[in-house]
Amino acid sequence: MLTEIARAKLNLALHVRARRPDGYHELETLFAFVEVGDVLRVAPAEAPAFRVTGPFAAALAGEGDNLVTRAAARFAETFGGGAHAIELEKHLPVASGIGGGSADAAATLRALARFHDVALDDPRLFAIADRLGSDVPACLLGKTALGRGRGEQLAPVVGMPGTPVLLINPGVAVSTAEVFRRWDGVDHGPLDADPLAGRNDLEAPAREIAPVIGEVLETLAAQHGVTLARMSGSGATCFALFESVEACADAASRVARPGWWCVETRLAP
Ligand code: C5P
């Protein structure tokens, strides 16, 4: 059996530059990863099997067409390798801007690649990832990177590993497509090399749909030792970077509310 961690992704900055004729949006984003994630266990089996466990399993119940099973099916079409039993231990909230489903799909591809001696940088794996979703290639790469295009054109950059991070999700799921639809169409300019000087252009439309996001951001920004407070992806999860583990822990103990998912972690490389 093989175990893969599907780390949560953050968009340290996300600039929406243009609406494209294909319905997607041209982005410039800085992807980063944190140390928490879903856990994926994969073993060879006589017939394909899939089950979801863990604290957020219920949110996926009844979803026949999961990104994990789709990733496994695409892998088998391209590389063969027979059937697998896959267990997804779901620790990340669903539809929450931190790439849960995308990270799970990418972890599935990585696990199957390991099993069947496919190189992790095989372009065919990235082609499968690209078709599964805009964030799946970034999650397959799994390291700090600049993303352009839909987010699939990736250039690794040096990250800030070890930086203490607090994640908060206020318990509302927002639709990515709906958030993009509400984008005001104004290009506020390119991504700067420094994420602190950047923005998330999806914050305003996401706050229209779920005003509680504003409350989360204001709560995070008011904490002692915060260097950056921002929403990730299309929300609703927001994050804050801290100058010390103590400041992060202190904030975590103060911001928790019933119904809010609140996790202390660190940036990964
Ligand atoms: O690629 P993915 O299926 O994850 O995207 C979900 C939805 O988010 C798309 O259908 C599209 O409406 C929106 N999207 C977008 N521009 C992007 C990425 C996603 O408009 N760069």
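Computed from a predicted structure; not experimentally measured. (Residues numbered from 1 in each chain as written. Predicted model: local features only at pLDDT ≥ 70, side-chain atom pairs only at ≥ 80, totals over all residues.)

Chemist: Quick rundown of helix 3 (residues 123–132)? Include the residues and the values.
Modeler: Because an α-helix packs 3.6 residues into every turn, residues spaced three or four apart end up facing the same way. Among all positions in helix 3, only L125, I128, A129 and L132 are buried. The arc that holds every buried residue of helix 3, seen down its axis, measures 100°, which confines them to one face. Those residues of helix 3 hidden inside the fold are in contact with helix 1 (67–79), helix 2 (100–115) and helix 4 (136–141). (Buried ≥ 20, exposed ≤ 12 C-beta atoms within 10 Å, placed from the backbone. Helix = DSSP H or I, 4+ residues; strand = E, 2+ residues; numbered from the N terminus. Arc of directions from axis to C-beta. Contact = placed C-beta atoms within 7 Å.)

Chemist: Can you lay out the site of the ligand for me, pointing to particular residues and giving the numbers?
Modeler: As a structural note, the neighbourhood of the ligand is formed by Y24, H25, L27, G133, S134, D135, R150, G151, T176, A177 and F180. Those elements giving two or more residues to the shell around the ligand turn out to be strand 2 (25–44) and helix 5 (176–181). Considering each element in turn, the shell around the ligand owes the most residues, 3 residues, to helix 5. Across the shell around the ligand, the residue classes break down as 4 nonpolar, 5 polar and 2 charged. (Near = placed C-beta within 6 Å. Nonpolar A, V, L, I, M, F, W, Y, C, P; charged D, E, K, R; others polar.)

Chemist: If you had to explain the domain arrangement of the chain to someone new, which residues and values would you point to?
Modeler: Taken domain by domain, the chain comprises domain 1 (2–156) and domain 2 (164–266). Computed from C-alpha atoms alone, the centre-to-centre distance between domain 1 and domain 2 is 22 Å. Counting from both sides, the interface comprises 23 residues of domain 1 and, opposite them, 29 residues of domain 2. Elements represented by at least two residues in the side of domain 1 that touches domain 2 include exactly strand 1 (2–19) and strand 2. The element best represented in the side of domain 1 that touches domain 2 is strand 1, accounting for 10 residues. Partitioned by chemical class, the residues of the side of domain 1 that touches domain 2 number 13 nonpolar, 6 polar and 4 charged. (Domains from an automatic or database assignment.)

Chemist: I'd like a rundown of the sheet that holds strand 7 (residues 164–169), residues and numbers included.
Modeler: Sheet architecture is open: 4 strands sit in the order 8-9-7-10, paired in antiparallel fashion. A single partner strand is all that each edge strand has here, and the edge strands are strand 8 (226–231) and strand 10 (261–266). Shown here is a sheet whose adjacent strand axes are inclined to one another by a mean of 15°, direction ignored. Across 6 bridges, the pairing between strand 7 and strand 10 is antiparallel. Each bridged residue has a counterpart across the sheet, and for I168 the counterpart in strand 10 is C262. The strands touched by helix 7 (residues 212–221) within the sheet are strand 7, strand 8 and strand 9 (238–242), with strand 8 carrying the most contacts at an inclination of about 175°. The sheet strands contacting helix 8 (residues 245–255) are strand 7, strand 9 and strand 10, and the helix crosses strand 7 at an angle near 20°. (Pairing = 2+ DSSP bridges. Axes fitted to C-alpha atoms, helices over the stretch in contact; angles between N-to-C directions.)

Chemist: Go over the UniProt feature "domain: GHMP kinase C-terminal" (unreviewed entry) in the chain with me, naming the residues and quoting the values.
Modeler: Residues annotated in UniProt with the feature "domain: GHMP kinase C-terminal" (unreviewed entry) correspond here to residues 198–253. Along residues 198–253, the helical share is 46% and the strand share 20%, with 28 Å between the first and last C-alpha atoms. (UniProt positions renumbered as here; feature names shortened; annotations may be inferred.)

Chemist: Tell me about the nonpolar core, residues and numbers included.
Modeler: In this structure, A106, L109, L166 and C238 are the most contacted members of the largest nonpolar core, which totals 69 residues. Two domains each provide a minimum of three residues to this core, namely domain 1 (2–156) and domain 2 (164–266). When sequence neighbours within four positions are dropped, the list of residues in contact with A106 reads A6, A129, V136, C139, L140 and G142. (Core = buried A, V, L, I, M, F, W, Y, C linked by C-beta atoms within 7 Å.)

Chemist: Before we move on, can you summarise the pairing of strand 7 with the specific residues and values?
Modeler: The buried count for strand 7 comes to 6 of 6 residues, which makes it a mostly enclosed element. Taking every second residue as pointing to the same face, both faces of strand 7 are buried, with P164, L166 and I168 on one and V165, L167 and N169 on the other. Taken together, the 4 bridges between strand 7 and strand 9 define a ladder with antiparallel strand orientation. Each residue of the ladder has a partner; that of L166, found in strand 9, is A240.

Chemist: I'd like to hear about the packing of helix 1 against helix 3, residue by residue, with values.
Modeler: The contact between helix 1 and helix 3 brings their axes to 10 Å, and the two run at 145°. Here helix 1 runs over helix 3; the crossing is right-handed. Contact residues: helix 1 offers L67, R70, A71, R74, F75 and T78, while helix 3 offers R124, I128 and L132. Residue classes in the contact of helix 1 with helix 3 are distributed as 5 nonpolar, 1 polar and 3 charged. (Left-handed = near helix turned anticlockwise from the far one by under 90°.)

Chemist: Could you give me a rundown of the UniProt feature "binding site: ATP" (unreviewed entry) in the chain, with the residues and numbers involved?
Modeler: UniProt's feature table lists "binding site: ATP" (unreviewed entry) at P93, V94, A95, S96, G97, I98, G99, G100, G101, S102 and A103, given in the numbering used throughout. Of note, A95 is situated in the loop between strand 4 (84–89) and helix 2. Sequence-distant contacts of A95, that is, excluding residues within four places in its chain, are made with A173 and V174. Mapped onto the fold, S96 is located in the loop between strand 4 and helix 2. In this view, S96 contacts N169, A173, A236 and T237; residues no more than four positions away in its chain are not counted.

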